[in-house]
Amino acid sequence: MKMGQALGCIQVEQSTVAITETFGKFDDVLGPGCHCLPWCLGKQAAGTLSLRVQQLDVRCETKTKDNVFVNVVASIQYRALADKAQDAFYKLSNTRSQIQSYVFDVIRASVPKLELDAVFEQKNDIAKAVEEELEKAMSHYGFEIVQTLIVDIEPDEHVKRAMNEINAAARLRVAANEKAEAEKILQIKRAEGDAESKYLAGLGIARQRQAIVDGLRDSVLAFSVNVPGTTSKDVLDMVLVTQYFDTMKEIGASSKSNSVFIPHGPGAVRDIATQIRDGLLQARTTE
């Protein structure tokens, strides 16, 4: 630039404009290319201005409505306007500091109105508020705000740990409720199955006893018909003796049997039959 001015010519790069002055007063804005600046006439290049989009990351610490300190990181994308290059070059001495001040102002005015959870939920609204405020302020200085993003919200480390513990406890509580509900369903199904099993077992026992009664009745009738002179008592005694020997046979055939008959002699069958018969007779008399 200095060598070019010494020769009366300057070269302006692409996406850049040059600000020229005549005897220290603004003269013109030069676009990309080669330009003649006769220094003998007081013309000189005051400087250049980039028209490229630039990015500024701003970290702002503030407090939420529920008294939690957070670091909000905003990413500001901006650029100078070619038709307002004079304002962009002369009106601000430090563009980045000016943008940072506006970002601090908006964030510290918006976040304290929200609780921590709401800050995460409404970060797009915060970014929009920052962008609107910057656009309104920086347009007077020849800059355009291309986009504003809230790229990160960082609560205090102790707060993050507490939030994680709360979420973990909530998930454990849900898991415990689901497990308890599953166990409840299993117990109900098990009880229903047990009740159904006992009901069916009762039906089986009732049918078994009915079959035994029917069989005894048929045996007594058949024996009385085929053997004249026998009574029902004689037939019942014979049936009981037969069942007694069948039972003793089954007990003897099993090596793991724990059943014991006292008394167990064959002569005791008559006593057992008498006791059963007397019990039935007493019951009918009571009725």
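Here's a quick rundown of the structure. (Residues numbered from 1 in each chain as written. Predicted model: local features only at pLDDT ≥ 70, side-chain atom pairs only at ≥ 80, totals over all residues. Heavy atoms only, no water.)

### Points about the overall build of the protein
In step 1: Looking only at helices and strands, the protein has 8 helices and 8 strands in total.
In step 2: Across the 287 residues that make up the protein, the buried fraction comes to 24%.
In step 3: A separation threshold of at least 6 residues defines the contact pool for the protein, and within that pool the share at least 24 residues apart is 62%.
In step 4: About 19,700 Å² of surface is accessible on the protein, with carbon and sulfur atoms providing 54% of the total. (Helix = DSSP H or I, 4+ residues; strand = E, 2+ residues; numbered from the N terminus. Buried < 20%, exposed > 50% of the residue type's maximum accessible area, 1.4 Å probe, protein only. Contact = heavy atoms within 4.5 Å. Areas by Shrake-Rupley, 256 points an atom, 1.4 Å probe, with all protein chains shown as cover.)

### A word on the sheet that holds strand S8 (residues 143-155)
In step 1: The 3 strands lie next to each other as S6-S7-S8, forming an open sheet whose pairing is antiparallel. Pairing within the sheet leaves two strands with one partner each, and these edge strands are strand S6 (54-63) and S8. The mean angle between the axes of side-by-side strands here comes to 20°, regardless of whether they run parallel or antiparallel.
In step 2: Note that strand S7 (residues 69-80) and S8 share 11 bridges and pair antiparallel. Residue Ser 75 lies in a different strand from S8, and its bridge partner there is Leu 149.
In step 3: Each of S6, S7 and S8 is contacted by helix H3 (residues 95-110), which is oriented at about 35° to S6, the strand it contacts most.
In step 4: Each of S7 and S8 is contacted by helix H5 (residues 123-138), which is oriented at about 145° to S8, the strand it contacts most. (Pairing = 2+ DSSP bridges. Axes fitted to C-alpha atoms, helices over the stretch in contact; angles between N-to-C directions.)

### Digging into a negative patch on the surface
In step 1: Together, Asp 66, Glu 115, Asp 117 and Glu 121 make up a negatively charged patch on the protein surface.
In step 2: Relative to the helices and strands, Glu 115 is located in the loop between H3 and helix H4 (116-121). (Patch = residues over 30% accessible without salt bridge, like charges linked within 9 Å, V, L, I, M, F, W, Y side chains within 5 Å. Salt bridge = Lys/Arg side-chain N within 4 Å of Asp/Glu carboxyl O. Lys, Arg positive; Asp, Glu negative; His and termini not counted. Charge placed at Lys NZ, Arg CZ, Asp CG, Glu CD.)

### Some remarks on the packing of H3 against H5
Between two packed helices, what matters for the description is the angle formed by their axes and the separation of those axes.
In step 1: In the contact formed by H3 and H5, the axes pass within 9 Å of each other and the chain directions differ by 135°. In this view, H3 runs oblique relative to H5, as classed from their interaxial angle. Classified by chirality, the crossing of H5 by H3 is right-handed. Contacts between H3 and H5 involve Thr 95, Gln 98, Ile 99, Tyr 102, Val 103, Val 106 and Ile 107 from the former and Ala 129, Val 130, Glu 133, Leu 134, Ala 137 and Met 138 from the latter. (Parallel < 35°, antiparallel > 145°, perpendicular 65-115°, else oblique. Left-handed = near helix turned anticlockwise from the far one by under 90°.)

### Observations concerning the environment of Ile 153
In step 1: Relative to the assigned elements, Ile 153 resides in strand S8.
In step 2: A relative accessible area of 8% places Ile 153 in the buried class.
In step 3: Counting along the chain gives 94 residues from Ile 153 to Arg 59, while the straight-line C-alpha distance between them is 9.6 Å.
In step 4: Residue contacts for Ile 153: discarding those within four places in its chain leaves Val 70, Asn 71, Val 119, Phe 120 and Lys 123.

### Quick notes on the packing of aromatic side chains
In step 1: Counted according to the given criterion, the structure contains 3 aromatic pairs.
In step 2: Here Phe 89 and Tyr 90 contribute two aromatic rings whose centre-to-centre distance is 5.0 Å and whose plane-to-plane angle is 80°, an arrangement assigned as edge-to-face.
In step 3: Clustering of aromatic rings is evident, with ring pairs tying together Phe 26, Phe 89 and Tyr 90.
In step 4: Positioned above the aromatic ring of Phe 104, the side-chain terminus of Arg 108 is 4.8 Å from the ring centre. (Phe/Tyr/Trp six-rings, centres within 6.5 Å; stacked < 30°, edge-to-face > 60°. Lys NZ or Arg CZ within 6 Å of the ring centre and 35° of its normal.)

### A look at the environment of Tyr 102
In step 1: Tracing the sequence through the fold places Tyr 102 in helix H3.
In step 2: Beyond its immediate chain neighbours, meaning those up to four positions away, Tyr 102 contacts Glu 133, Leu 134, Ala 137 and Met 138.

### Here we look at unusual backbone geometry
In step 1: At Ser 15, a position not held by glycine, the phi torsion is positive, near 60°.
In step 2: With respect to the secondary-structure elements, Ser 15 resides in the loop between strand S1 (9-12) and strand S2 (16-22).

### Details of the pattern of salt bridges
In step 1: By the definition in use, this model includes 7 salt bridges.
In step 2: Across the pair Glu 144 and Arg 79 runs a salt bridge, and its minimum N-O distance is 2.9 Å. Highlighted residues: Glu 144 in strand S8 and Arg 79 in strand S7, separated in sequence by 65 residues.
In step 3: With a shortest N-O distance of 3.9 Å, Lys 189 and Glu 192 are connected by a salt bridge. Of this pair, Lys 189 and Glu 192 both sit in helix H6 (residues 157-226), 3 residues apart, which is roughly one turn of the helix.

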